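# What the coordinates show
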Amino acid sequence: MDAYVHLVPWIVLIPLAGFLFNGLLGMASGTFREQKNLIGGVATLAVFIPFLLALWLFFAMSGDSDAATVSLFTWIEAGSFTTDIGYRLDQLSLLMTLVVTGVGALIHLYAIGYMAGDEGFWKFFAFMNLFIFAMLNLVLADNMLLLFLGWEGVGLCSYLLIGFWYTDMAKSDAAKKAFMYNRVGDFAFLIAMFMIFQIVGSLRFEDILSGTGLFTTDQVFIIGLLILIGATGKSAQIPLFVWLPDAMAGPTPVSALIHAATMVTSGIYVISRLSPFFMQSPELMLFVAVIGAFTAVVAATIALTKYDIKAVLAYSTVSQLGFMFLALGSGAYVAAMFHVVTHAFFKACLFLGSGSVIHAMHHVEHKLHEEGKHVHFDAQDMRYMGGLRKYLPHTYKTFLIATIAIAGIPPLAGFFSKDEILVMTFNAGMGTYGAVYIGLWAIALITAFMTAFYMFRLTLGTFHGEFRLPQKFSEAKGAEEHLHESPVTMTSVLWVLAALSIVGGFIGIPNFVVATFTGTADVNLLSNWLDRTTMDADLTLSKLVEWFLLFGSVLVAAAGIFVAYRLYEGDQLEASDARISERFGAMYQVWSDKYKIDEIYEGAIVRPTVRFSERVLDVFDKKGIDGFVNFIAAAVRFTGGVVRYFQTGMIQSYAYGIVLGVILVIYMLLFR
Amino acid sequence: MESANELLTILPLIIIGAAGLFVMMLDAFTGSARLAYLATILFSAAALAVAVSDLFGPMGESFHGLITYGGTSSFGMVLVMTGTLFSVILSRDYLEKTGMHIAEVYSMILFAAFGMLLLVSSNNLVTLFLGIETMSISLYVLAGLVKNHKKSVEAALKYFLLGAFATGFLLYGIALLYGASGSTFLVDIAATEDKGMIYWAGVGLLLVGFFFKISAVPFHMWTPDVYQGAPTTITAFMATASKAAAFVAFILVLSRALPDARADWSDVIWLFALLTMVVGNILALVQDNVKRMLAYSSIAHAGYIMIGLAAGTDAAYSAVLFYLFAYTLMNIGAFGIVAYYEWHKGYDFTEVSNYSGLGFKQPIMGVLMSVFLFSMVGIPPFAGFIGKYRVFAAAVDEGLISLVIVGVLASAASVYYYLRVLVHLFMKESENGIVLSRPGTLYTASLLILAALTIFFGINPGVLTDLLGSFWTVQY
């Protein structure tokens with residue numbers, strides 16, 4: 001791959017150029033800010049061109065190409081520690097690059113229409129390009145420190161974009177919350193990095209992966225755990241997942257790009273990158289799998305109860321990320337990356353579809369206000385929607401396709417990746433800690449049922465039945481005439497993503513499906529592609545068991561859809577929810593209250609910290625630290641005053657100073 | 001054709017010398033300051049380009065050993081011409097707005113630059129003295145540019161009197177060294193066998209001459225008065241180009257004329273570096289005027305740079321050269337922005353309280369100021385951090401640990417006075433309804449270039465440090 005690796009820096013730098021172009025010109029010129037087509041066009045191209053470059057690399061590369069690295073320059077040099085700004089091109093990093101730039105370019109295109117009316121248009125696109133730049137650094141870095149730079153960079157962009165409408169205090173708070181939770185994870189990640197450097201003496205992936213033998217089992221467990229904590233922050237897993245649902249305060253394209261398709265998968269990427277390291281400790285793997293499975297089920301149960309369409313999608317994202325962690329923990333790195341890819345397609349499609357819906361609902365509210373009707377409602381709340389399929393046909397069709405894909409119905413993308421995860425988890429049940437993995441498999445199966453259920457609840461509640469807004473407000477009679485489909489720049493993106501959600505799964509067709517008929521088969525393209533970069537657990541199941549599992553997962557998904565259809569078709573949204581709530585009683589309340597995790601953190605961590613700060617630290621700060629600082633400052637000011645005394649402005653005293661200096665110099669040299 | 005080749009070794013000198021005369025004539029015949037400005041930029045850019053290409057050329061001596069070229073000297077020329085070019089570019093808007101735009105300024109700047117170029121290429125104490133004096137006399141004139149302003153005239157007079165005083169010591173030192181070694185060539189002085197009292201007194205007075213030029217404490221007292229009194233862009237020129245030239249010449253003298261006496265002068269520089277850092281920083285803390293604060297800050301920076309000189313190794317010298325480069329970039333930048341704010345209320349709008357809330361009007365200037373000030377504090381990823389880091393690291397390698405500790409503490413204290421400017425720019429309410437006009441495109445562009453270089457060499461110092469390191473692997 002050495003012949004092509006020189007393209008990699010361009011892939012990274014073009015989005016940076018886009019950021020600088022829009023950022024600097026936008027900051028400098030008011031007239032430039034009005035050139036929205038130019039701004040959006042440049043920003044989109046700044047992501048699309050790297051995508052084309054990545055595509056070229058993809059065709060130039062094959063599954064057995066060697067990894068290649070390119071170093072731009074030495075970045076940090078301190079004693080024995082050196083780090084380059086260097087990029088690593090291999091199958092794994094290229095796969096992530098394709099997803100980031102491909103889905104990224106589509107979302108940029110979509111956002112041109114979505115953000116058209118916004119004052120901060122230029123700022124938005126500058127931040128989006130900066131995000132892509134940081135994300136590409138993260139996935140292409142050839143050492144952990146540069147990866148960490150990208151890791152922090154995407155965190156910063158996430159913060160900036162969640163709080164994009166910063167005048168709204170709640171959104172600003174959501175941005176801060178995301179940032180703080182990520183800090184917890186980042187800190188652990190940083191410590192892991194220190195420990196790795198101490199043991200290996202280098203932060204390059206090449207050295208770390210070839211030096212896995214240097215670690216003792218305990219070190220692997222501790223370092224792996226710290227990396228995992230870092231990953232739970234960025235990828236929204238238990239215990240740090242609570243920031244992601246709040247992060248939906250950002251503009252919808254941001255939710256689609258950062259909080260569904262790319263940034264939140266970086267934790268999965270890092271663990272895949274270090275797969276030979278993680279595979280050394282079965283306990284560590286089990287830990288990863290348990291975190292994943294529990295996150296999946298917890299988030300799915302919360303998603304059952306939400307009415308805010310973006311909140312449902314957010315919890316669904318957390319839940320799907322949980323599936324990916326489960327795959328990682330089961331040693332199925334290919335399956336995890338596979339799900340990263342397919343999830344990027346269908347979840348981006350769902351988020352952008354929800355954006356289209358919100359866009360339409362906002363328009364309705366706006367029109368009603370123009371007519372002098374003061375109807376206030378939440379444009380993201382399903383309870384005011386319903387029947388939208390008539391008015392938003394493209395949005396509806398694409399949303400439905402993506403919903404079927406996430407539910408896991410063959411042959412759409414989500415089916416293949418989710419099935420592979422379930423198979424591999426079951427497969428892990430044959431090895432060390434087998435019983436636990438079988439339990440996790442059961443949890444995952446239940447979660448798969450719930451996924452199909454809540455996603456169809458969402459689709460049916462939003463698009464089927466009658467438009468409920470006029471039923472809720474008498475003033476809003478005839479409001480449906482204001483409902484419009486989004487412009488073609490937005491719907492075309494939806495269709496592309498929907499198409500990808502249909503065919504995306506074919507890159508990972510399980511071998512056994514074909515092998516049953518032909519004897520042996522080698523049709524899993526993704527598995528071949530990632531063969532050299534990730535270290536997968538061996539599949540030991542017989543074909544019969546695999547078929548059994550496959551039908552099981554289809555059956556479960558179909559059951560979820562069937563139940564959802566029975567309950568929610570025909571405007572039964574709130575009535576059915578009330579029935580479910582009654583049936584499950586307190587449990588439903590727990591789900592709906594999001595397990596009170598925010599409240600637990602508030603009570604267990606935030607409030608005690610605040611109280612401790614007020615009672616102890618504040619006093620110590622004011623009396624101790626400030627007192628000391630003030631003392632120093634006073635001493636310095638006093639000294640300054642004294643020394644200043646010599647700065648009289650009188651030239652004689654200046655000459656005096658010189659003479660004293662001369663005497664001192666001569667004395668030191670002559671009378672040593 | 002030996003002589004023609006020799007002329008090529010001092011090509012930047014020839015360009016700038018000719019430019020000085022040309023601009024003076026231009027003034028006499030057309031009186032147009034604008035033409036003079038353009039001509040100065042063109043000539044300076046040409047000289048800078050030649051100097052940059054010389055960096056990669058050969059090193060050696062010419063004119064019977066009077067001149068040294070290539071390597072460190074060429075880098076000195078790059079520093080001088082960078083300082084000159086950017087101060088000139090920033091000068092026009094400022095001088096026009098404050099009503100001091102006359103063509104003479106540019107010829108004086110060019111003559112001063114000529115002196116600096118000679119200074120950094122001197123291989124002989126007489127050449128060195130010529131360079132220092134050509135530079136200084138032009139600077140005295142420039143300091144007094146604002147004839148009807150008391151502070152400016154006072155600055156010029158003080159500068160001149162003290163400069164003359166210090167020159168006396170320098171010249172006496174040269175004379176004594178000549179007496180001790182029988183030569184004024186740097187190499188011959190290094191070969192002096194009999195190091196008696198005359199020799200050491202000569203060395204001491206030579207050090208004094210340099211201490212004055214780099215404003216080391218207690219030879220620094222002229223600095224704040226002159227920096228504050230002179231027009232701001234001229235201050236930028238003095239603070240960067242002349243400082244850099246003096247330091248490069250200092251390095252040449254220390255490394256070529258006095259390498260064997262290192263153990264002795266190292267202690268002297270050690271003590272004065274300490275004094276300079278401590279006093280420079282303490283006095284900067286109590287200043288309310290930004291120009292004065294920057295004057296003390298330049299004294300403090302001289303102190304950090306002297307740590308590198310005290311270490312006196314090849315690594316330390318190349319670290320000092322890097323530091324000087326970063327110092328040049330960030331100081332012109334900072335003074336450029338001070339000048340920008342100053343032209344809105346005329347001369348003397350430089351109290352830190354004047355800056356309240358200005359950061360949000362014309363945010364680009366506020367952001368640029370932050371870049372330059374953060375770089376001066378020495379915060380990554382800016383070039384100032386790398387400079388400080390490399391100088392300190394080289395000194396630690398030489399065992400000057402206590403000096404480095406003082407340096408680190410002093411730079412920690414410096415955070416206060418640099419950030420104070422930013423606090424006023426961004427966190428205080430604007431009390432007076434000042435309307436900031438948009439800076440000219442060239443003005444903004446040159447500041448942007450300075451900031452970009454500050455960031456670039458902060459992230460990727462390797463390009464430059466490798467080059468600078470290579471200068472010292474060649475033995476003279």
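Residues numbered from 1 in each chain as written. Chains lettered and ligands numbered in written order. Predicted model: local features only at pLDDT ≥ 70, side-chain atom pairs only at ≥ 80, totals over all residues. Heavy atoms only, no water.

### Things to note about the overall build of chain A
We count it as follows: Here a strand is any run of E in DSSP of at least two residues, a helix any run of H or I of at least four, and the numbering for each starts at the N terminus. Restricting the calculation to C-alpha atoms gives the radius of gyration, and the globule rule supplies 2.2 Å times the number of residues raised to the power 0.38. Burial here depends on accessible area, computed with a 1.4 Å probe over protein chains only, as a share of the maximum for the residue type. Under 20% is buried, over 50% is exposed, and the range in between is partly exposed. Contacts: residue pairs with any heavy atoms within 4.5 Å of one another. Each accessible area is a Shrake-Rupley result for a 1.4 Å probe, and residues are judged covered by the shown protein chains and nothing else. Positive charges come from Lys and Arg, negative ones from Asp and Glu, while His and the chain ends are left out of the count. Taken as the charge location is NZ of Lys, CZ of Arg, CG of Asp or CD of Glu.
Within chain A one finds 28 helices and 2 strands. Taken over C-alpha atoms, the radius of gyration comes to 28 Å for chain A, in line with the 26 Å a tight globule of 672 residues would show. Out of the 672 residues in chain A, the part that is buried amounts to 57%. Taking contacts inside chain A between residues at least 6 apart in sequence as the whole, the part at least 24 apart equals 80%. As displayed, chain A has an accessible area near 26500 Å², and 66% of this comes from carbon and sulfur atoms. For chain A, the distance from the average position of its 40 positive side-chain charges to the average position of its 50 negative side-chain charges is 7 Å.

### Examining the packing of helix 1 (residues 8-28) of chain A against helix 5 (residues 121-140) of chain A
To describe two helices that pack against each other, one gives the angle between their axes and the distance between the axes. Residues and elements named next belong to chain A. Note the following rule: In this analysis an axis means a line fitted to C-alpha atoms, helices contributing only their contacting stretch, and an angle means the value between N-to-C directions, from 0 to 180 degrees. Our angle categories are set so that under 35 degrees counts as roughly parallel, over 145 as roughly antiparallel, 65 to 115 as roughly perpendicular, and the remainder as oblique. Each crossing is labelled by how the near helix is turned from the far one, with a counterclockwise turn of less than a right angle marking it left-handed and a clockwise turn marking it right-handed. Residues are grouped as follows: nonpolar covers Ala, Val, Leu, Ile, Met, Phe, Trp, Tyr, Cys and Pro; charged covers Asp, Glu, Lys and Arg; every other residue, Gly included, is treated as polar.
Between helix 1 and helix 5, the least distance of the axes is 8 Å, while the angle of their chain directions is 160°. Taken together, the axes of helix 1 and helix 5 lie roughly antiparallel to each other. Crossing of helix 1 over helix 5 shows left-handed handedness. Taken together, the residues of helix 5 that come into contact with helix 1 (itself represented by Val8, Ile11, Val12, Pro15, Leu16, Gly18, Phe19, Asn22, Gly23, Gly26 and Met27) are Trp122, Phe125, Ala126, Asn129, Leu130, Ile132, Phe133, Leu136, Asn137 and Leu140. When grouped by side-chain class, the residues that make up the contact of helix 1 with helix 5 number 15 nonpolar, 6 polar and no charged.

### A word on the domain arrangement of chain A
Selection rule: Segment limits for the domains were obtained from an automatic or database-derived domain assignment.
Its domain assignment divides chain A into domain 1 (281-592) and domain 2 (599-670). The straight-line distance from the C-alpha centre of domain 1 of chain A to that of domain 2 of chain A is 59 Å.

### Concerning the side chain of Thr491 of chain A
Residue and element names in this part refer to chain A. Take Thr491: it is sitting in helix 21 (residues 488-503). Its relative accessible area of 7% is what places Thr491 among the buried residues. In this structure, Thr491 is in contact with His394, Glu485 and Ser486, ignoring residues within four places of it in sequence.

### Details of unusual backbone geometry
Of the consecutive residues Ile238 of chain A and Pro239 of chain A, the connecting peptide bond is found in the cis state with omega at 10°. By the element assignment, Pro239 of chain A lies in the loop between helix 9 (217-234) and helix 10 (243-246). Cis geometry is found at the peptide bond from Pro410 of chain A to Pro411 of chain A, where omega equals 5°. By the element assignment, Pro411 of chain A lies in the loop between helix 17 (393-407) and helix 18 (413-428). We note that Gln362 of chain B has phi near 55°; this positive angle belongs to a residue other than glycine. You can call Gln362 of chain B buried: its relative accessible area is 18%.

### Re the pattern of salt bridges
All names here are of chain A. Which entries qualify depends on this criterion: For salt bridges, the criterion is a side-chain nitrogen of Lys or Arg within 4 Å of an Asp or Glu carboxyl oxygen.
On inspection of all chains with the given rule, the structure shows 27 salt bridges over all chains. Salt-bridge contacts for Asp90 lead to Arg273; the nearest nitrogen and oxygen are separated by 2.7 Å. With a gap of 183 residues between them, Asp90 in the loop between strand 2 (81-89) and helix 4 (91-114) and Arg273 in helix 12 (residues 266-273) connect regions that are remote in the sequence. Asp90 gets classed as buried once you look at its relative accessible area, which sits at 0%. Using a relative accessible area of 2% as the deciding quantity, one classes Arg273 as buried.

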